[in-house]
Amino acid sequence: MNALSTPIAPPTTPHELNKARSRFLRGTLAESLTDELTGAMAPEDDQIGKFHGFYQQDNRDLRADRRERLLEPEYSFMLRARLPGGVCTPAQWLTIDRIGRELAQGRVRLTTRQTFQYHGIPKGDLRSVIQGIHQVLLDSLGGCGDVNRNVMCNPNPDQSALHGAVYDWARRISEHLLPRTRAYHELWLDGECVAGGEEESEPMYGATYLPRKFKIAVAVPPHNDVDVYANDLGFIAIADPADPARLLGFNVLAGGGMGTTHGDKSTFPRLAGDLGFVAPDQVLAVAEAVLTTQRDFGNRGDRIHARLKYTVERMGLAAFRAEVESRAGISFAPPHPIRFTDQGDRYGWVRGNDGRWHLTLYIENGRLRDLPGRALLTGLRAIAEVHQGDFRITPHQNLIVAGVPARQKRRIETLAREHGLLVDGLSPIRLGAMACVALPTCPQAMAEAERYLPDLLTRIEALAAGHGLAEQPIVIRMTGCPNGCARPFLAEIGLVGKGPRTYNLLLGGDGSGTRLNKRYRENIAEAEILETLDGLFGRYAQGRTPHERFGDFVIRAGIVRRVEHAASDFHD
Ligand code: SRM
Ligand code: SF4
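These figures come from a predicted structure and were not determined experimentally.

Rules behind the numbers
- Residues numbered from 1 in each chain as written.
- Chains lettered and ligands numbered in written order.
- Predicted model: local features only at pLDDT ≥ 70, side-chain atom pairs only at ≥ 80, totals over all residues.
- Heavy atoms only, no water.
- Helix = DSSP H or I, 4+ residues; strand = E, 2+ residues; numbered from the N terminus.
- Rg over C-alpha atoms; globule rule 2.2 N^0.38 Å.
- Contact = heavy atoms within 4.5 Å.
- Areas by Shrake-Rupley, 256 points an atom, 1.4 Å probe, with all protein chains shown as cover.
- Lys, Arg positive; Asp, Glu negative; His and termini not counted.
- Charge placed at Lys NZ, Arg CZ, Asp CG, Glu CD.
- Near = heavy atom within 4 Å.
- Polar contact = N/O pair within 3.5 Å; in protein donor to acceptor, adjacent residues only side chain to side chain.
- Nonpolar A, V, L, I, M, F, W, Y, C, P; charged D, E, K, R; others polar.
- Domains from an automatic or database assignment.
- Donors = N, O, S within 2.8 Å, 3.2 Å for Na, K, Ca; no water.
- Buried area = accessible area lost by both parts, 1.4 Å probe.
- Salt bridge = Lys/Arg side-chain N within 4 Å of Asp/Glu carboxyl O.
- Core = buried A, V, L, I, M, F, W, Y, C linked by side-chain atoms within 4.5 Å.
- Buried < 20%, exposed > 50% of the residue type's maximum accessible area, 1.4 Å probe, protein only.
- Phe/Tyr/Trp six-rings, centres within 6.5 Å; stacked < 30°, edge-to-face > 60°.
- Lys NZ or Arg CZ within 6 Å of the ring centre and 35° of its normal.
- Disulfide = S-S within 2.5 Å.
- Pairing = 2+ DSSP bridges.

Engineer: Help me get a handle on the overall build of the protein chain, residues and values and all.
Structural biologist: What the protein chain contains, in helices and strands, is 18 helices and 22 strands. Taken over the C-alpha trace, the protein chain has a radius of gyration of 23 Å; the compact-globule value for 572 residues is 25 Å, and the two agree within 12%. Taking the contacts inside the protein chain whose residues are at least 6 apart along the sequence as the reference set, 68% of them involve residues at least 24 apart. Approximately 21900 Å² of the protein chain is accessible, and the part contributed by carbon and sulfur atoms is 51%. Each charge class in the protein chain can be summarised by its mean position, and for the 69 positive and 69 negative side chains these summaries are 2 Å apart.

Engineer: Tell me about the site of ligand 1, and please be specific about residues and values.
Structural biologist: In the region of ligand 1, 31 residues are neighbours, and T111, M258, T441, C485 and R487 sit closest. A distance of 2.9 Å separates an oxygen atom of ligand 1 from a polar backbone atom of T112. Elements supplying a minimum of two residues to the shell around ligand 1: β1 (54-58), β2 (75-80) and β5 (116-121). Counted by class, the shell around ligand 1 contains 10 nonpolar, 13 polar and 8 charged residues. Shared between two domains, the shell around ligand 1 holds at least three residues of each, these being domain 1 (147-344) and domain 3 (429-569).

Engineer: A description of the coordination of the iron atom of ligand 1 should follow, citing residues and the corresponding values.
Structural biologist: What the protein offers the iron atom of ligand 1 as a donor is a single atom, C485 (SG), at 2.3 Å. As for its position among the elements, C485 is in the loop between β19 (476-479) and β20 (493-499).

Engineer: For the domain arrangement of the protein chain, give the residues involved together with the corresponding values.
Structural biologist: Structurally, the protein chain comprises domain 1 (147-344), domain 2 (348-427) and domain 3 (429-569). Between domain 1 and domain 2, the contact holds 13 residues from the first and 11 residues from the second. Summing both sides of the interface, domain 1 and domain 2 together bury roughly 880 Å²; the carbon and sulfur share of this comes to 64%. Broken down residue by residue, the surface that domain 1 buries against domain 2 is led by P155, P157 and S160, which jointly contribute 53%. On inspection of domain 1 and its partner domain 2, the count reaches 0 salt bridges. Joining domain 1 to domain 2, the criterion identifies 3 residue pairs in polar contact (both at pLDDT 80 or more). With 3 residues, helix α7 (residues 160-176) is the largest single contributor of residues to the side of domain 1 that touches domain 2. Here the residues of the side of domain 1 that touches domain 2 sort into 5 nonpolar, 6 polar and 2 charged.

Engineer: Explain the nonpolar core residue by residue, including any values.
Structural biologist: Within the largest apolar cluster, 100 residues are counted, with the highest numbers of intra-cluster contacts made by W93, F116, Y118, I173 and F235. The leading source of residues in this core is helix α9 (residues 283-297), at 8 residues. Counting contributing residues, this core receives three or more from each of domain 1 (147-344) and domain 2 (348-427). For Y118, the residues in contact, after removing those within four places along its chain, are F77, M78, L79, T95, I96, I99, G100, A104, R107, V108, V129 and I133.

Engineer: Could you give an account of the packing of aromatic side chains, naming the residues involved and the relevant values?
Structural biologist: Applying the stated criterion across every chain yields a total of 16 aromatic pairs. Measuring from centroid to centroid gives 5.8 Å for W93 and F391, while their planes differ by 45°, and the two rings are tilted. Placement of W93 in helix α5 (residues 90-103) and of F391 in strand β16 (residues 390-393) is noted, with a sequence separation of 298 residues between them. Between Y347 and Y362, the aromatic rings sit 6.0 Å apart at their centres with planes inclined by 75°, giving edge-to-face as the arrangement. Residue Y347 is located in the loop between α11 (317-328) and β11 (348-351), and its partner Y362 is located in the loop between β12 (357-361) and β13 (367-368); the two are separated by 15 residues in the primary sequence. Among the aromatic residues, ring-to-ring pairing joins F537, Y540, F550 and F553 into one connected group. In this arrangement the basic side chain of K409 is found over the ring face of W349, its NZ or CZ atom lying 5.2 Å from the centre. When the ring centre of Y520 is taken as origin, the NZ or CZ atom of R521, which lies over that ring, is 4.2 Å away.

Engineer: Run through the state of the cysteines, naming residues and quoting values.
Structural biologist: Linking two cysteines covalently via their sulfur atoms produces the bond known as a disulfide. Under the definition given, this model contains 0 disulfides. We note that C153 lacks a disulfide partner, and the nearest cysteine sulfur, in C88, lies 14 Å from it. With a relative accessible area of 1%, C153 lands in the buried category.

Engineer: Would you mind going over the pattern of salt bridges in detail, with residue names and values included?
Structural biologist: Tallied over the full model, the rule gives 42 salt bridges. With a shortest N-O distance of 3.7 Å, E522 and R519 are connected by a salt bridge. Judged by relative accessible area, which is 33%, R519 ranks as partly exposed. Several salt bridges share partner residues, and in doing so they unite E16, K19, D146, R300 and R303 into one network.

Engineer: Provide a residue-level description of the pairing of β12, including the pertinent values.
Structural biologist: Counted residue by residue, β12 has 4 buried out of 5 residues, so it is predominantly covered. Direction of pairing for β11 relative to β12: antiparallel, over a ladder of 4 bridges. Residue G348 lies in a different strand from β12, and its bridge partner there is T360. Between the antiparallel neighbours β11 and β12 lie 5 residues, among them G355 with a positive phi of about 85°. Examined bridge by bridge, β12 and strand β17 (residues 399-404) share 4 bridges and lie antiparallel to one another. By the bridge assignment, W357 is partnered in β17 with V404.

Printed below as a string of structure tokens:
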């Protein structure tokens, strides 16, 4: 395989130097952890800690008050687990739940990349949390940092047989691309940090790891719930037409991503482009080759332009493909034709082709906690105590209780209803919406997202109903800044935080995650958002063709132009 073969340019930026000096992700984390004078880590360790899965944060709601009282910010940590394909067992869930209750303020947050994270962990509890999840064979290595992140995989409630094969590849890719350093084990599990350095190596990553984060998703048509085109590397499973349960191979995509910077036209979201088709036994070699190409060709001098999408844009897709083929020792075959029909979750009970049942629960913005009258965490705990299948976190921050035998359906459904986990009558607009974490924990947030979207949706639902669109699915996604954590640039309506109560409004996603949207209004507050949508919904209700989606209508009607090549058309 493709071990470190090309010399990486010597590090020059503070970020790169810090990685290089960290002795394979050790830094002075051990010292930072035991420094009782502050709740924070040393800045260099804060950066290295991300590779171990945690971010230092402070509660932004409390900043001003603490500053006035001459106190340091209320530092705590967010810890994100690695959970390929979002699958965990009921026993693992019981531990996830216990740690959330005991060490993370009674909360568990399901993310847009099919894993869970905890917020509000004091520095002194980080080790207990990591050891706790380790007891049920979970880890947070590569949850964040300049390495491969959690590998997403379509949860496939209705295609049980194919899911087994595809999920297996997602897990294998995740394992294959894990950092090899012992630092994680030493620091968190063995309790003893040995020197590291000369005796250790990272055959795939090298001492400076990747220029930037790296993301992979595996999709199974016709569902694009992983938003495969938003990933650095995407695999689209191709089933054998003669036997749909058999996996033929994958179409491979590279160079997708969401993050932009307001006002900086050199940054843009980008859809991943087609590299071609490979057989299953070529998957690991291709994943490694794409990763090492980015390792060697990615921009290490400027983190804003360091993602693979900029590398592909700079090299051109054909040259990038040729480099990957040469490193992997393969030739891509032409991609198979595919069609995606949707990008969200399918709620309620679905029967899998293995005869078992799967229940998708709507978890508003992935926030799990016990609320008055809706004890969500308690309800899931009760389900985990009796459930015999598995749980699958979806790329839409929801949860599937998967693999339920027919005789247990009623029991699981009763528990879900009793605890407010299953609620009837939610609109398609609400069920298709998603918001990122944003305030108060995210340091990048310019505006609210998950704390605000539910109320805004109530008002948008009323507008839609007023135009006879109550049953029309329209994908709405909100983020507190243009980093794009809820993939807002793939929504039919994207709301991207610009200031404390203002958003850019983007229109024109296609409802299946294969088209970017485009800015329609800039920096507008709620009244103008609602007035604008009211007008657009009116035009849509009057002018749509049968089955035409809102995102398609706004392009056909000339309300926004279609983005063909994001590098030049996204901002103009
Ligand atoms: Fe994200 C940074 C939360 C999915 C693009 N993201 C952050 C940070 C860590 C803020 C920070 O830099 O300090 C946020 C932590 C907030 C908090 O308090 O928890 C954060 N991102 C999230 C999550 C939790 C949002 C959610 O509501 O679920 C998602 C965790 C996913 C996971 O489990 O790994 C999350 N982030 C995404 C996605 C969606 C995806 O990957 O499919 C994207 C867009 C895709 C992409 O990467 O291009 C995304 N996050 C970013 C970026 C922009 C990267 C870029 O290329 O410009 C940043 C900022 C950065 O990396 O510098 C960022
Ligand atoms: Fe934070 Fe911005 Fe990501 Fe939202 S999109 S979680 S505000 S970084």
